[in-house]
Amino acid sequence: MSSPTAIVVGAGGISGAWFPALREEQVQVKAVVDLRLEAAQRRIEEFGLEAEASTDLKAMLRKHRPDFVVDLTVPEAHCQVTCTALRAGCHVIGEKPMASSMAEARRMVRTAERTGRLYMVSQSLRWEPENWRIRQAIASGAIGELTTVNCDFYIGAHFEGFRVEMASPLLLDMSIHHFDLVRFFTGKDAVAVYALEFNPKGSWYRGNASAVCIFEMSDGVVFTYRGSWCSEGCHTPWVGNWRFIGTQGTLLYEQEREPWGEVVAGDTGFFRPLQRLELPEVSLPKRRMHGALCEMLEFLRTGKVPQTECHDNIKSLAMVFSALESARRGKRVPVRVE
C-alpha cells in the first residue's frame, strides 16, 4: 500500500500534537485548511510539510482527494467539516468532543452510514498503558463482578479564551474524557443519570465549572463522578482519580501512580483477610493521539473498525448531554443515543 494521504483541517494549538504523529507514520499531508490562511502556512513551515495552505476545504477535497481528513477544528465546526469530508468520499478522524449537540452527532453518524465512509473520534486517554491495565484487570474478573466506579477530578485551571465564557465548561469540554473512560474501563454503557452542575464561590468562570453526577450503567453498575475546574490546591491528574469496586475486591488508580488493588483472601473475620492485587504490565506501540491515528491507518490497511468509531463514541457524548439535561431539569433522566 502506498503512503496514505490526508488533509488536516484546523491549525490551532491541538494540531501541534498531531503533525509529528502524521509525519512519523509517513502520512502525506496534502493540504492544511484553516479559517486563517496564515495559521495554516505557519504549521506547514513549522513541520516542513509539502502541503498546500488554504481556507477552502471543499476545493482542497476536490483537488487532492485524500484517503482521510483530520478534523482539528472547534467543536461547533465538527459537524460541518466531518459531513463535508464524508460526502466527498473521505474517511475522517476528529478531535473530541464528537459534536456540540446530540442532533449534530446523529447527523454525522447518518452521513457516515449513507456515504459508506468511516468516522472515528480521538479519545486520546484510551491509548495509555495504565488505562489498558485497568481495563484488562476488570475484564478478567480480578476483583470479581464490578458493582461501583468512582471518579474524582479537581483542577484549578486558569484558561484564557472560550472556556472561561462557556455555560458548562467542565461537562461540555472536559468530562467527555472521563465519561468515555468509564465505558472503556468497564465495557458498560450509561442508562440514566442524575446530575448537579454549579459554579462555586471564588470561581473565575462565567458558567458552571463544577459538577456531581450519578450514572446508572448497564448490568447494574453505578458510576459516580465529582469534578471541578476551579478547585485550587491538591489537584488530581487530568485522567482523574479512580476507584473500582467488585464483589471480591477493589482497584485504585490515584495520582497516576501504579494502579493496584486488594482482593479477599479468606472467608472469616469481621474484616476479611486481603491480599494485594498487582496488575500485569501492558505495552502499547503508540500513545494518545498517535494511538488513535494508528487505528485509522490500520483501518485503511485491513478494514478493522477502530474502537472509537462514531457509532460507539456517540454513547460517550450522550452521557455529557444527558448530564446537562438532568442538571437543567433537576431530575434523573435516561441517557438516550437515538
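Because the structure is predicted, anything quoted here is derived from the model rather than measured. (Residues numbered from 1 in each chain as written. Predicted model: local features only at pLDDT ≥ 70, side-chain atom pairs only at ≥ 80, totals over all residues. Heavy atoms only, no water.)

**Q** Whenever I open this one, the overall build of the protein confuses me. Can you help?
**A** Within the protein, the regular secondary structure consists of 10 helices and 15 strands. For the protein, whose C-alpha radius of gyration is 21 Å, the value lies close to the compact-globule estimate of 20 Å for 338 residues. A burial count over the protein gives 53% of its 338 residues as buried. Sequence-distant contacts in the protein: of pairs separated by 6 or more residues, those separated by 24 or more amount to 68%. Surface accessibility of the protein: about 15,600 Å² in total, with carbon and sulfur atoms responsible for 49%. (Helix = DSSP H or I, 4+ residues; strand = E, 2+ residues; numbered from the N terminus. Rg over C-alpha atoms; globule rule 2.2 N^0.38 Å. Buried < 20%, exposed > 50% of the residue type's maximum accessible area, 1.4 Å probe, protein only. Contact = heavy atoms within 4.5 Å. Areas by Shrake-Rupley, 256 points an atom, 1.4 Å probe, with all protein chains shown as cover.)

**Q** Looking at this structure, I do not really get the pattern of salt bridges. What am I missing?
**A** Working definition: two side chains of opposite charge can pair if their charged atoms are close together. A complete count under the given rule lists 21 salt bridges for this structure. With its nearest N and O atoms 2.8 Å apart, the salt bridge here joins R329 to E325. Here the residue R329 and the residue E325 both occupy positions in helix α10 (residues 310-329), the gap between them amounting to four residues, near one helical turn. Through salt bridges with shared partners, a single network forms among R126, D180, R183, D189, D312 and K315. (Salt bridge = Lys/Arg side-chain N within 4 Å of Asp/Glu carboxyl O.)

**Q** How should I be thinking about a nonpolar patch on the surface in this particular structure?
**A** Residues Y194, L196, F198, V212, I214 and V222 make up a contiguous nonpolar surface patch of roughly 480 Å² in combined accessible area. Of the residues forming the nonpolar patch, the biggest block, three residues, is contributed by strand β8 (residues 190-198). For L196, the position within the fold is in strand β8. You can call L196 partly exposed: its relative accessible area is 47%. (Patch = residues over 30% accessible without salt bridge, like charges linked within 9 Å, V, L, I, M, F, W, Y side chains within 5 Å.)

**Q** Explain the packing of helix α4 (residues 75-87) against helix α5 (residues 102-115) to me, please; I cannot follow it from the model alone.
**A** Two quantities define a packed helix pair, namely the angle between the axes and the distance from one axis to the other. As a packed pair, α4 and α5 sit with axes 9 Å apart at the nearest point and diverge in direction by 10°. In terms of axis orientation, α4 runs roughly parallel to α5. Of the residues in α5, those in contact with E76, H78, C79, T82, C83, L86 and R87 of α4 are E104, R107, M108, T111, A112 and T115. In terms of residue class, the contact of α4 with α5 is made up of five nonpolar, four polar and four charged. (Axes fitted to C-alpha atoms, helices over the stretch in contact; angles between N-to-C directions. Parallel < 35°, antiparallel > 145°, perpendicular 65-115°, else oblique. Nonpolar A, V, L, I, M, F, W, Y, C, P; charged D, E, K, R; others polar.)

**Q** Help me understand the sheet that holds strand β5 (residues 91-95) in this model?
**A** Adjacent strands of a sheet pair through backbone hydrogen bonds, lying either parallel or antiparallel. Taken in spatial order, the six strands line up as β3-β2-β1-β4-β5-β6 in an open sheet, and their pairing is parallel. On the outer flanks of this sheet lie β3 (52-54) and β6 (119-122), each paired with one strand and no other. For this sheet, the mean inter-axis angle between neighbouring strands, taken without regard to orientation, is 20°. Both strand β2 (residues 28-33) and β3 contribute to a ladder of three bridges, which runs parallel. Bridged to A31 within β3 is E52. Where helix α9 (residues 288-302) meets the sheet, its contacts fall on β4 (68-71), β5 and β6, and the angle it forms with β5 comes to roughly 170°. (Pairing = 2+ DSSP bridges.)

**Q** What should I look at first to understand α10 in this one?
**A** In an α-helix, one turn spans 3.6 residues, which is why side chains three or four residues apart end up on the same side. Under the 1.5 Å per step criterion, the end-to-end length of α10 is 28 Å for 20 residues, consistent within 8% with the ideal 28 Å. The buried fraction of α10 is high, at 14 of 20 residues. Where α10 terminates, the next one or two residues include G330, which has phi positive at roughly 70°. (Expected span 1.5 Å × (residues − 1).)

**Q** Even after reading the chapter, I still don't get the nonpolar core, so can you show me in this structure?
**A** In globular proteins that are soluble, nonpolar side chains generally tend to be buried together. Core analysis: the biggest nonpolar cluster contains 80 residues, and M98, F215, F223, W242 and F244 have the highest contact counts within it. Apart from residues lying up to four places away in sequence, W242 is in contact with V149, N150, C151, H178, L181, V182, F185, F223, L251, L252, Y253 and E254. Ranked by size, the runner-up nonpolar core spans 29 residues in total, among them A21, V27, L49 and W127. (Core = buried A, V, L, I, M, F, W, Y, C linked by side-chain atoms within 4.5 Å.)

**Q** Would you mind going over the pairing of strand β13 (residues 260-264) with me for this structure?
**A** As a general feature of sheets, a regular strand has side chains that alternate between the two faces. Of the two faces of β13, the one holding G261 and V263 is buried and the one holding W260, E262 and V264 is not buried anywhere. Sheet topology places strand β12 (residues 249-253) next to β13; four bridges connect them, and they run antiparallel. Paired with L252 across the bridge in β13 is W260. With five bridges connecting them, β13 and strand β14 (residues 274-278) associate as antiparallel partners. Note on β14: the bridge partner recorded for W260 is E278.

Geometry only, nothing functional implied.
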